[in-house]
Every structure is written in structure tokens, then in C-alpha cells.
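Geometric and topological summary
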Amino acid sequence: MTKCKTIAIANQKGGVGKTTTAFSLGIALANNNKKVLVVDADPQANLTTYMGFYDEDNIPVTLSTLIERYIDDDEIKPEQAILHHNEGIDLIPSNLNLAMTENNLSSAMSREYAMRKSLEELKNIYDYIIVDCMPSLSMVTTNALAVADEVIIPVQSQYLSARGMGNLLKIISKVKKQINPKLQVGGILLTLVDSRTKLPNKIKQELKENYGDIVRLYDTQIPCAIKTAESTSKGKSIFAYDKNSKVAQAYTNFAKEVLADNERRKNETTKDYTR
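Not measured: the values here are computed from a predicted model.

**A short note on the pairing of strand β1 (residues 5-9)**
A regular strand places its side chains on the two faces of the sheet in alternate fashion. Burial analysis of β1 places 5 of its 5 residues in the buried class, the great majority of the element. In β1, alternate side chains face the same way, and those of K5, I7 and I9 on one face and T6 and A8 on the other are all buried. Examined bridge by bridge, β1 and strand β5 (residues 128-133) share 5 bridges and lie parallel to one another. Looking at the pairing, I9 lines up with D132 of β5.

Right under this line is the structure:
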């Protein structure tokens, strides 16, 4: 049994902090001595550029390349796509070619498993694989859910933030039933929280009332900060850009929650095996 945990960061709404969460969680886990790969599963390639790989259109091997090789029944060689970031995590990049791959997947055999097959060799190398999903419930997003052990849903702390949450949870449930029985919802992460207002607590209460019986809300909340936006143009995580910031501390705390959840589930699995 592989030790690797695969996490999809997903929400069909844009601007909720998915990419920041994927990168920051990856660095925070690496700071806890975990070997981490992040995967850019968005043709907009925001994660790729955030990590400092600005000329994404000229990257020779991307996630799109790997999936196209699967579609064509060619040898995949996922290690060819790995880029190394100087903060200690690895990246499989993306570019606009992934939009074309999305179309090609529609007629592919076993299309839901293309990303799983493309990445499966890497599960023997990493402790965590984190997939940054595009802001839509697309075939590529379905692929990300098919490869994932769990989904983390970032939600911006604004009114209407929960709109569409029901659709996302239905898709996750459908993927779990039909494609990936091990898929779990890790939880909802409140992001871009403005502590100067009472709104985040109202949003949290709204989410608890509507979804609290089926989805947990993480204790950690990610604050809104200019430093985070500044770091995106430097190819640095918030830890390298401003390690003492509230955002860096929040993602450190969030990583502890993720690690604790993983340890708890391992213990539960061990108990099941020994019964």
C-alpha cells in the first residue's frame, strides 16, 4: 500500500484561493519534512506562474503531455514533467494545451482515469500530491477527483460564497460512487478572511447550517493580506516572502490539521485491518 496521500483543491468558483492554498499547503507540509508534489490542473497555469515558471507555453512536458500520452496509449514517463522549486517541493506544470486535452478526453477510453494513470508511478516517491483544480466542474476536474484521496474546498468569506457548493458536493458524491470509492471530503477552508468585520463568522455559521452535517469546517481560517498577493508575482510562497505573516502562520496551522487528519485516518484503517 502506497503511503502517498493525494489531495484535490477544488471549487468551481474562481478567486477563492485555490492556487494559494495548493502552493502554501505544499510548502507547509514540506516544512514538516514531507516530500510534496503539486500538480497544476488548470489551463490558466496560475500555479505554474505563481511558482516562478513564467514561460509556461515553452515548458516541454506538462500535465497535458502526460494525459495525451495516456490517450494515445504511449509510455507516460511522469518524471519528465517534474520541475523543482527552490523551496523544496516539486511541480507538474500546466499551460493552455490542457484546454485542448480537455476536448480530447471527451472521446478517450476510460477518460476519467487519465490523470490517475499519468501520476500513479509518482505515488511511490511522494508523501503528498496536491492537485490545484480549475474553477469548473470539467472532465479534467473529474480526473483530479478520480485520483484524489480527499478534497479540500476553499471558500471565500463573502456572502454567496456557498452558492454552487451543493453542485460540487453532488459531483464529489457521484465520483465517489461511480469512479473512486475511497474519495472523501477533507473539509471546507475559509479563505480571504477579513477579521475587521463580523462577516466571516456569519459565513461560517451559514456553512455549518447548510453543510455541517456532511462536511467539516477546518478550524483554521486564512486571512486576507496584501503580502499574499505580492508574493504571487515573485515566484515565492508566503513563507519565503514574509514568513512571519499571519497568512504564513495560518497555513502552518492548516497543515497541522491536514497532517492530524491523515494520521487519524491511518489509525482507523489499521484498526479495521486488525479486527
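**Digging into the sheet that holds strand β8 (residues 217-223)**
Across the sheet, which stays open at both edges, the 8 strands sit in the order β3-β4-β2-β5-β1-β6-β7-β8 with mixed pairing between neighbours. Of all the strands in the sheet, the pair left with one neighbour each is β3 (83-84) and β8. Those strands touched by helix α6 (residues 139-147) are β1, β2 (36-41), β5 and β6 (150-156), and its axis lies near 160 degrees from that of β5.

**With respect to the side chain of T62**
Mapped onto the fold, T62 is located in the loop between α2 (46-50) and α3 (63-71). Given the relative accessible area of 1%, T62 is considered buried. With residues near it in sequence (within four places) discarded, T62 still touches A81, I92, P93, S94 and N95.

**Here's the deal with the nonpolar core**
One finds I92, M115, V131, I153 and L207 to be the most contacted residues of the largest nonpolar core, which totals 51 residues. Examining the composition of this core, we find that 6 residues originate from one element, α6, more than from any other. Ignoring anything within four residues of it in the chain, the contact list for V131 reads T6, I7, A8, I9, V39, A41, M115, A144 and V147. Judged by nonpolar contacts, the second largest core, of 32 residues, contains Y128, F239, Y251 and A255.

**With respect to the pairing of β6**
Taking burial as the measure, the 7 residues of β6 include 7 buried ones, the bulk of the element. What you see with β6 is no split at all: E150, I152, P154 and Q156 on one side and V151, I153 and V155 on the other are buried throughout. Pairing geometry for β1 and β6, over 3 bridges, is parallel. Pairing of I7 across the sheet is with E150, part of β6. Two strands pair when backbone bridges link them, and β6 and strand β7 (residues 184-193) are joined in this way by 7 bridges, in the parallel orientation.

**What to know about the packing of aromatic side chains**
Under the definition given, this model contains 2 aromatic pairs. Ring centres of F23 and Y50 lie 4.9 Å apart, and the angle between their planes is 85 degrees; this geometry places the pair in the edge-to-face category. With F23 in helix α1 (residues 18-30) and Y50 in helix α2, this residue pair connects regions lying 27 residues apart in the sequence. The residues F23 and Y50 share a single accessibility class, namely buried. Taking 4.8 Å as the distance between ring centres and 85 degrees as the angle between the ring planes, the aromatic pair formed by Y218 and F254 counts as edge-to-face. Residue Y218 is found in strand β8, and its partner F254 is found in helix α11 (residues 246-274); the two are separated by 36 residues along the sequence. Residue Y218 is classed as buried on the basis of its relative accessible area of 2%.

**Some words on the pattern of salt bridges**
Enumeration according to the criterion identifies 7 salt bridges in this entry. With its nearest N and O atoms 3.1 Å apart, the salt bridge here joins E150 to K5. A residue pair is termed long-range when its members are at least 10 positions apart, and E150 in strand β6 and K5 in strand β1 qualify at 145 residues. Relative accessible area serves as the criterion here: at 8%, K5 is assigned to the buried category. In this structure, the salt-bridge partner of D149 is K182, at a minimum N-O distance of 3.2 Å. With D149 in the loop between α6 and β6 and K182 in the loop between α7 (165-178) and β7, this pair connects stretches of sequence that are 33 residues apart. Given the relative accessible area of 44%, K182 is considered partly exposed. It is possible to trace a salt-bridge network through shared partners that takes in R216, E257, D261 and R264.

Parameters at a glance
- In this numbering scheme, every chain counts its residues from 1 along its sequence in written order.
- Totals for whole chains, interfaces and linings use every residue, but because this is a predicted model, local features are given only for residues with pLDDT of at least 70 and side-chain atom pairs only at 80 or more, for both listing and counting.
- With hydrogens and water set aside, each side-chain value is computed from the structure's full complement of heavy atoms.
- Note on exposure labels: buried denotes an accessible area under 20% of the residue type's maximum, exposed denotes more than 50%, and partly exposed covers the range between, all computed with a 1.4 Å probe on protein chains only.
- Secondary structure follows DSSP: runs of H or I at least 4 residues long count as helices, runs of E at least 2 residues long count as strands, and numbering of each begins at the N terminus.
- Whether two strands pair comes down to DSSP finding at least two bridges between them.
- Here a residue-residue contact requires only that any non-hydrogen atoms of the pair lie within 4.5 Å.
- Structural elements are reduced to axes, namely lines fitted to C-alpha atoms, with helices fitted over the stretch in contact, and the angle between N-to-C directions of any two is expressed from 0 to 180 degrees.
- Remark: nonpolar core denotes a set of buried residues (Ala, Val, Leu, Ile, Met, Phe, Trp, Tyr, Cys) joined through side-chain atoms within 4.5 Å.
- Side-chain rings of Phe, Tyr and Trp (the six-membered ring for Trp) are treated as a pair once their centres are within 6.5 Å; stacked means planes under 30 degrees apart, edge-to-face means over 60, and tilted covers the remaining angles.
- For this document, the term salt bridge refers to a Lys or Arg side-chain nitrogen within 4 Å of an Asp or Glu carboxyl oxygen.

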